[in-house]
Each structure stands twice: as structure tokens, then as C-alpha cells.
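Observations on chain architecture
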Amino acid sequence: MIQYNFRQTRFFFDEEGALYVIWISRPELSEKAGDYPVISEREAREFLEEGEYLTASSHAVTGGEEISGGSLMYPDLESCGYFMPYYRFYVKLPEEKGENGRNVYGIYYVPAVDRAFLTDPEAAAEQ
């Protein structure tokens, strides 16, 4: 899982389709913060329905019927300071429609680590 999620190669092309950048990700992973229990996908789905998630979408999750899929993964969130597993869910965005009336989905992330081991970023900043 670590090799798949962190040791990636990305290729970028210009407007004419010519390769102009090859980006190889090899983050420093020799230190680990600890071993933490991972919650189940069912628990993560409950947190998603309760509004505990990260997303770039402005759509608030209102019910389980709009949630599709769920997979355990490590998102490319180097700015967070730690690599941590998340569940990735796809949520139907009812206010948006794609070509030919197709559904549009947003990506929502729920931390996969048991809540007892997570800290509130605002509380940590106050200390």
C-alpha cells in the first residue's frame, strides 16, 4: 500500500501534447508517528453522514443515498504534515449535472484513524 500511494510518477504534457515534466514522488517515510487502529468503512460512512469529512466541494452531505463507493487510501496531502489513511467516498452532487444529464460526483475524505487518536487542530494551535 505504501509503494502504491507514495512512490508515484506523474507525467505532465503541454498544450500540444508534448511531455514537459516528469515528477517522481519519493517522500521520506523512514520515521513513523505510531501504530493506530483503523476504523471500518461503515464507521467512516457514519462520520461522513454526520458531516465529518474533508472535501473541495461546497455540497453538504445530506444522506446516505447520495454516497457511492468507499476505499481505504492515502491521499496526496503532504501539506498535512503526516501521511494518514483516509476513506475516499464519492458523493453525488444533485445540484450539478454533466454532459447528457449524467450525474456529477464530489470526492470526500474521512480520516480512517480511530477518533481517540486524532487531535482537534484548533485546540492544538491554542496550546
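Now for a look at the structure at hand. (Residues numbered from 1 in each chain as written. Predicted model: local features only at pLDDT ≥ 70, side-chain atom pairs only at ≥ 80, totals over all residues. Heavy atoms only, no water.)

**What to know about helix α2 (residues 41-49)**
We count it as follows: Note on classification: 1.4 Å probe, protein chains only; a residue is buried when its accessible area is under 20% of the maximum for its type, exposed when over 50%, partly exposed between these limits. The helix and strand labels rest on DSSP assignments: H or I over at least four residues marks a helix, E over at least two residues marks a strand, and numbering proceeds from the N terminus. Note that the arc is defined by the directions from the helix axis to the C-beta atoms. Contacts are assigned to residue pairs with any non-hydrogen atoms lying within 4.5 Å of each other.
Restricting attention to buried positions, one finds in α2 the residues Ala-44, Phe-47 and Leu-48. All buried residues of α2 fall inside an arc of 105° around its axis, so they share one side. Close packing links the buried residues of α2 with β4 (67-73), β5 (86-97) and β6 (103-111). Backbone geometry just downstream of α2 places Gly-51 in the positive-phi region, at approximately 95°.

**With respect to the nonpolar core**
The following threshold applies: For this analysis, a nonpolar core means a set of buried residues of the types Ala, Val, Leu, Ile, Met, Phe, Trp, Tyr and Cys, connected via side-chain atoms within 4.5 Å.
One finds Leu-48 and Phe-89 to be the most contacted residues of the largest nonpolar core, which totals 13 residues. Broken down by secondary-structure element, the contributors of at least two residues to this core are α2, β5 and β6. When neighbours within four sequence positions are excluded, Phe-89 is seen to be in contact with Glu-41, Ala-44, Arg-45, Leu-48, Ile-67, Ser-68, Gly-69, Gly-70, Gly-106, Ile-107, Tyr-108 and Val-110. Grouped together as the second largest cluster of nonpolar side chains are 5 residues, Met-73, Met-84, Tyr-86 and Val-113 included.

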